[in-house]
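Examining the three-dimensional arrangement
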Amino acid sequence: MVHYADGQPIGDLTLRTLAMPADANAAGDIFGGWVMAQMDLACGIRAAERAKGRVVTAAVKEMSFAKAMKIGDTLCIYTHVERVGRTSMTLKVEAWAQRYLSDLMEKVTHAGFVMVALDSDGKPKPIPAES
């Protein structure tokens, strides 16, 4: 059973992946940019499902790293659609590390991502109402 050290994650588990040596610096710490890229992928998945089509990242709101990830940790990304506008939506995203060979989960970082729905020509398009 997983033990959450920093409260419970907000949102749905959208992506899980393993941090590998290619994702780390010489000290074994995972690059923050790699974590952010995984968060962006998770947002793309969740936003495309909600928009029922193509989406792109328009902005990432403030992000700071509370804890480091290490090689072997499993990165778990949780997403929650906070707000839906006409063509854009804001998602709350949390990145959690399940520590290597452990049931301990710690929050690594969180951020707000703004995603925009696009049509086939790459122009913003209205997001359909939830069904």
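Data block above holds the structure.
Notes on the structure follow. (Residues numbered from 1 in each chain as written. Predicted model: local features only at pLDDT ≥ 70, side-chain atom pairs only at ≥ 80, totals over all residues. Heavy atoms only, no water.)

**Some words on the overall build of the chain**
Quick reminder of the rule: Under the scheme used here, helices are H or I runs from DSSP no shorter than 4 residues and strands are E runs no shorter than 2 residues, and both carry numbers assigned from the N terminus. Within these notes, the globule rule equals 2.2 Å times the number of residues to the 0.38 power, and the radius of gyration is based on C-alpha atoms. Relative accessibility decides the category of a residue: with a 1.4 Å probe and only protein chains considered, values under 20% of the type maximum give buried, values over 50% give exposed, and everything between is partly exposed.
Of regular secondary structure, the chain possesses one helix and seven strands. Secondary structure elements of the chain, listed N to C terminal, follow the sequence β-β-α-β-β-β-β-β. Taking 14 Å as the expected radius of gyration for a compact globule of 131 residues, we find that the chain reaches 16 Å, a close match to that expectation. Here the C-alpha coordinates of the chain stretch approximately 45 × 30 × 20 Å along the principal axes. Within the chain, buried positions represent 41% of all 131 residues.

**A closer look at the nonpolar core**
Our working definition: Residues grouped as a nonpolar core are buried Ala, Val, Leu, Ile, Met, Phe, Trp, Tyr and Cys residues, joined through side-chain atoms within 4.5 Å. By definition in these notes, contact holds between two residues if any of their heavy atoms fall within 4.5 Å.
Counting residues in hydrophobic clusters, the biggest one holds 26 residues, and the most contacted among them are Val 35, Met 39, Met 69, Ile 77 and Met 115. Elements with a contribution of two residues or more to this core: α1 (32-51), β5 (74-84), β6 (88-98) and β7 (104-117). For this core, the element with the highest residue contribution is α1, accounting for seven residues. Here Met 69 is in contact with Ala 19, Gly 28, Asp 29, Ile 30, Val 35, Thr 74, Leu 75, Ala 97, Arg 99 and Val 108, once residues within four sequence places are set aside.

**Quick word on the side chain of Thr 14**
Going by this rule: Side-chain atoms alone can form a polar contact between residues adjacent in sequence; in general such a contact is a pair of N or O atoms within 3.5 Å, and within protein one must be able to donate a hydrogen while the other accepts it.
Checked against the element boundaries, Thr 14 lands in strand β2 (residues 12-18). Reaching out from Thr 14, the side chain makes a polar contact with the side chain of Arg 46 at a distance of 2.9 Å. Beyond its immediate stretch of four places on either side in the chain, Thr 14 contacts Ala 42, Ile 45, Arg 46, Ile 77, Tyr 78 and Thr 79.

**Some remarks on the packing of aromatic side chains**
As a reminder, the rule being used: Note on aromatic contacts: the rings of Phe and Tyr and the six-membered ring of Trp form a pair at centre separations within 6.5 Å, being stacked when their planes are under 30 degrees apart, edge-to-face when over 60 apart, and tilted otherwise.
The final tally for this structure, using the stated rule, is one aromatic pair. Aromatic pair Tyr 4 and Trp 96: ring centres 5.6 Å apart, planes at 85 degrees, arrangement edge-to-face. Taken together, the positions of Tyr 4 in strand β1 (residues 3-4) and Trp 96 in strand β6 put the pair 92 residues apart, joining distant regions of the chain.

**Let's talk about the pattern of salt bridges**
Condition: A carboxyl oxygen of Asp or Glu within 4 Å of a side-chain nitrogen of Lys or Arg is what we treat as a salt bridge.
Overall, the coordinates contain nine salt bridges when judged by the stated rule. Glu 94 serves as the salt-bridge partner of Lys 107, at 3.6 Å between the closest nitrogen and oxygen. Taken together, the positions of Lys 107 in strand β7 and Glu 94 in strand β6 put the pair 13 residues apart, joining distant regions of the chain. Arg 99 is the partner of Glu 106 in a salt bridge, and the nearest nitrogen-oxygen pair spans 2.8 Å. The exposure classification of Glu 106 matches that of Arg 99, with both residues buried. Overlapping salt bridges bring together Asp 6, Lys 67, Asp 73, Arg 99 and Glu 106 as one network.

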